[in-house]
Amino acid sequence: MKIIFAEQLVKLRKEKKLSQEELANQLFISRQAVSKWETGEAEPDLGKIEAVAKILDVPVEILLFGDEASEKTSEFKTRIKRFIEEDESDKDWHENHRWREWQYKPINNGWEFLARYYWIIFALIGMIAWGIMRLK
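The residue numbering used here restarts from 1 in each chain and proceeds along that chain's sequence as written. Predicted model: local features are reported for residues with pLDDT of at least 70 only, side-chain atom pairs are reported and counted for 80 or more only, and whole-chain, interface and lining totals are derived from all residues. Only heavy atoms go into the side-chain values, all of them from the structure, while hydrogens and water stay out.

## Describing the layout of surface pockets
Okay, so step 1: Reported here for the largest pocket is a volume of approximately 160 Å³.
Okay, so step 2: Cavities and pockets were defined on a 1 Å grid built over protein atoms only: a cavity is a set of grid points that admits a 1.4 Å probe from which the probe cannot escape, a pocket is an open set flanked by protein on both sides within 12 Å along at least five of seven lines, and lining residues are those with an atom within 4 Å of any such point. In this structure, the largest pocket is lined by Ile3, Ile4, Phe5, Ala6, Trp37, Gly40, Ala42, Glu43, Pro44, Ile49 and Leu64.
Okay, so step 3: Throughout, the ten residues Ala, Val, Leu, Ile, Met, Phe, Trp, Tyr, Cys and Pro are labelled nonpolar, Asp, Glu, Lys and Arg are labelled charged, and all others, Gly among them, are labelled polar. For the lining of the largest pocket, the residue count by class is nine nonpolar, one polar and one charged. Grid points are joined across faces, edges and corners, and a volume is the space filled by probe spheres set on the points.

Set out below in structure tokens:
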């Protein structure tokens, strides 16, 4: 992407019907500084770019890169949205695996622990039996 700050600044400033003087007053800088930005002789620092974007009521990406940035940003947002949203296959998975809900609930007593982790008893019995056999 090519940075087209100077062109965008002129275009967006005129759309907002602001003069260079009015924009400069809002940014607490001279009109000549705004003129240099628009001709490309100088570039503002990041803080000023953010302030200009706020005054012109546009995202910084639009101010720097133009409409090309908004298209790429919106494409990225739709891809992320598609990834995050639950679709039919997710609903199907949740329906088919509802039996797992009990695994995520807290254990309230010893019986629930034993129901969930009965296999530990077999391991303990095996270890005790092995220890007894080793002692003999």
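Now that the structure has been shown, we can carry on.
## Thoughts on helix α1 (residues 5-15)
Okay, so step 1: When we look at burial in α1, the residues that qualify are Phe5, Ala6, Gln8, Leu9, Leu12 and Arg13. Taken end-on, α1 shows its buried residues confined to a sector of 160 degrees, consistent with a single buried face. Exposed positions of α1 whose direction lies more than 90 degrees from the buried face are Glu7, Lys14 and Glu15.
Okay, so step 2: In what follows, a contact means two residues having at least one pair of non-hydrogen atoms within 4.5 Å. Secondary structure counts use DSSP, requiring at least four H or I residues in a row for a helix and at least two E residues in a row for a strand, with both numbered from the N terminus. Taken together, the buried residues of α1 touch α2 (20-27), α3 (31-39), α4 (46-56) and α5 (60-65). Classification of residues uses two cut-offs on accessible area relative to the type maximum, computed with a 1.4 Å probe and protein chains only: under 20% is buried, over 50% is exposed, and between them is partly exposed. Along the arc lie the directions from the helix axis toward the C-beta atoms.

## Quick look at the pattern of salt bridges
Oppositely charged side chains can pair when the atoms bearing their charge come close.
Okay, so step 1: Whenever Lys or Arg places a side-chain nitrogen within 4 Å of a carboxyl oxygen from Asp or Glu, that contact is recorded as a salt bridge. Applying the stated criterion to the full structure yields one salt bridge.
Okay, so step 2: As a salt-bridge pair, glutamate 38 and arginine 13 come within 2.5 Å of each other at their nearest N and O atoms. Of this pair, glutamate 38 sits in helix α3 while arginine 13 sits in helix α1, placing them 25 residues apart in sequence. For the pair formed by glutamate 38 and arginine 13, the shared burial category is buried.

## Some points on the side chain of glutamine 20
Okay, so step 1: For glutamine 20, the location among the structural elements is in helix α2.
Okay, so step 2: Reaching out from glutamine 20, the side chain makes a polar contact with the side chain of arginine 31 at a distance of 3.3 Å.
Okay, so step 3: Excluding anything up to four places from it in sequence, glutamine 20 contacts Arg13, Arg31, Val34, Ser35 and Glu38. Here a polar contact means two N or O atoms within 3.5 Å. Within protein one must be a hydrogen donor candidate and the other an acceptor candidate, and residues neighboring in sequence count only if both atoms are side-chain atoms.

## Some details on a nonpolar patch on the surface
Okay, so step 1: On the surface, a nonpolar cluster with roughly 590 Å² of combined accessible area is contributed by Ile107, Trp111, Phe113, Leu114, Ile121 and Ile125.
Okay, so step 2: If one sorts the elements of the nonpolar patch by residue count, helix α9 (residues 110-116) sits on top with three residues.
Okay, so step 3: Note on placement: tryptophan 111 falls in helix α9.
Okay, so step 4: For tryptophan 111, a relative accessible area of 70% translates into the label exposed. Patches here: salt-bridge-free residues with over 30% relative accessible area, like charges joined within 9 Å, nonpolar side chains (Val, Leu, Ile, Met, Phe, Trp, Tyr) joined within 5 Å. Computed by Shrake-Rupley with a 1.4 Å probe, the accessible areas treat only the displayed protein chains as cover when residues are assessed.

## Considering the packing of α1 against α4
Okay, so step 1: Relative orientation of the contacting elements α1 and α4 amounts to 30 degrees, with a least axis distance of 11 Å. One way to sum up the angle between α1 and α4 is to call them roughly parallel. Regarding α1 and α4, the two cross each other, and that crossing is left-handed. Residues Phe5, Leu9, Leu12 and Arg13 of α1 touch α4, and the partners they reach there are Ile49, Val52 and Leu56. Here, axes are lines fitted to C-alpha atoms. For helices the fit covers the stretch in contact, and angles between N-to-C directions go from 0 to 180 degrees. Note on terminology: angles under 35 degrees are roughly parallel, angles over 145 are roughly antiparallel, angles of 65 to 115 are roughly perpendicular, and the others are oblique. Crossing handedness: left-handed means the near helix sits turned counterclockwise from the far one by under a right angle, and right-handed means the same turn made clockwise.

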